[in-house]
Amino acid sequence: MKLNSTVVLTLTLLALMLGAGSVSAFLGFDIGSKALKGVTSPDSRPTTKFASAKRGNSQHGGLMLLKEEEILKTVKARIEGKSKVPKSEQEEEETKTVSNKQKLEEKPQEQVEEKPQPGFPVSAESEGVNLSVQSARYSGGALQLRVKMQNKGKNSVRFLYSFLDVSDDKGRTLSASTDGLPSELPNNSPTYTGTISIPTALLDDVKSISLSLTDYPAQQLKLEVSDIPVGR
């Protein structure tokens, strides 16, 4: 029985293809095995963790699953009550801060009123405007004069403190700086408080000083405070 040449050729090609496929599979398996050397499988399977969680275990391998009911309860509690707590605490802190600040601001005034320095206050008044020196204390290399100003007149008054004249008991002019004093006093104004600072180096052997201040630009009033004791 003679075989058809076409059948023989087909069988030969199939054999070659099977051989080539077998060789390729072997080479691929060998290369893959070499590439995965040193790689180990994980200690636990993710499916095992989820299955364990479903059985009621709350934590396995560092993974914690919460029930939907617990999550909803937590969110509801935070929305209804816990979210309001930080705001109330903040308001309480702000209230305490404002209260403490007011106490600190009022405390020095109470001390000055309870224990005034000898010879104080020294004041002057002109056209309804009052200038009063409440105390004189040395601090930080300067003499600090605590000053109060008030306008009881009908017109507002403006000041330019570069026109403030300060002189000692020997008639010498002293340099001074101001802090907190108003540039304008409205009519029937409240009492304003500020300080006048004079360098200590200018006050050697000085027992008293004088202040002179006029309004600007009208210069219709003149406030003169004399014999302010500054002796140490």
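In what follows, the structure referred to is the one given above.
Bear in mind the structure is a predicted one, so any value in this text is a computation, not a measurement.

> Explain the overall build of the chain to me, and be specific about the residues and the numbers.
Scanning the chain for helices and strands turns up 4 helices and 13 strands. Of all 232 residues assigned to the chain, the portion counted as buried reaches 22%. Considering only contacts within the chain whose residues lie at least 6 apart along the sequence, 56% involve residues at least 24 apart. Working note: accessible area of the chain is about 17,300 Å², and carbon and sulfur atoms make up 54% of it.

> Tell me about the pairing of strand 5 (residues 142–151), residues and numbers included.
For a regular strand, side chains alternate in direction, first toward one face of the sheet and then toward the other. Among the 10 residues of strand 5, 7 are classified as buried, and the element is accordingly described as predominantly covered. Bridge count for strand 4 (residues 129–139) against strand 5 is 10 bridges, and the pairing is antiparallel. From the neighbouring strand, Asn130 faces strand 5, where its bridge partner is Gln150. Where strand 4 folds back onto strand 5 in an antiparallel hairpin, the turn is made up of 2 residues, including Gly140, whose phi is positive at roughly 60°. As defined by bridge partners, strand 5 adjoins strand 11 (residues 192–199) across 8 bridges and the pair is classed as antiparallel. The residue bridging Val147 from the neighbouring strand is Gly194, located in strand 11.

> For the nonpolar core, give the residues involved together with the corresponding values.
By size, the foremost hydrophobic cluster in this structure holds 31 residues, and its most contacted members are Leu145, Met149, Phe159, Ile209 and Ile228. Within the residue set of this core, elements represented by two or more residues are strand 3 (122–126), strand 4, strand 5, strand 11, strand 12 (208–214) and strand 13 (222–229).

> Could you give me a rundown of helix 3 (residues 68–80), with the residues and numbers involved?
A rise of 1.5 Å per residue sets the reference length of helix 3, with its 13 residues, at 18 Å; its end C-alpha atoms lie 18 Å apart and thus fit the reference within 8%. The buried fraction of helix 3 amounts to 0 of the 13 residues, a small share that puts the element mostly on the outside.

Quick notes on the rules
- Residues numbered from 1 in each chain as written.
- Predicted model: local features only at pLDDT ≥ 70, side-chain atom pairs only at ≥ 80, totals over all residues.
- Heavy atoms only, no water.
- Helix = DSSP H or I, 4+ residues; strand = E, 2+ residues; numbered from the N terminus.
- Buried < 20%, exposed > 50% of the residue type's maximum accessible area, 1.4 Å probe, protein only.
- Contact = heavy atoms within 4.5 Å.
- Areas by Shrake-Rupley, 256 points an atom, 1.4 Å probe, with all protein chains shown as cover.
- Pairing = 2+ DSSP bridges.
- Core = buried A, V, L, I, M, F, W, Y, C linked by side-chain atoms within 4.5 Å.
- Expected span 1.5 Å × (residues − 1).

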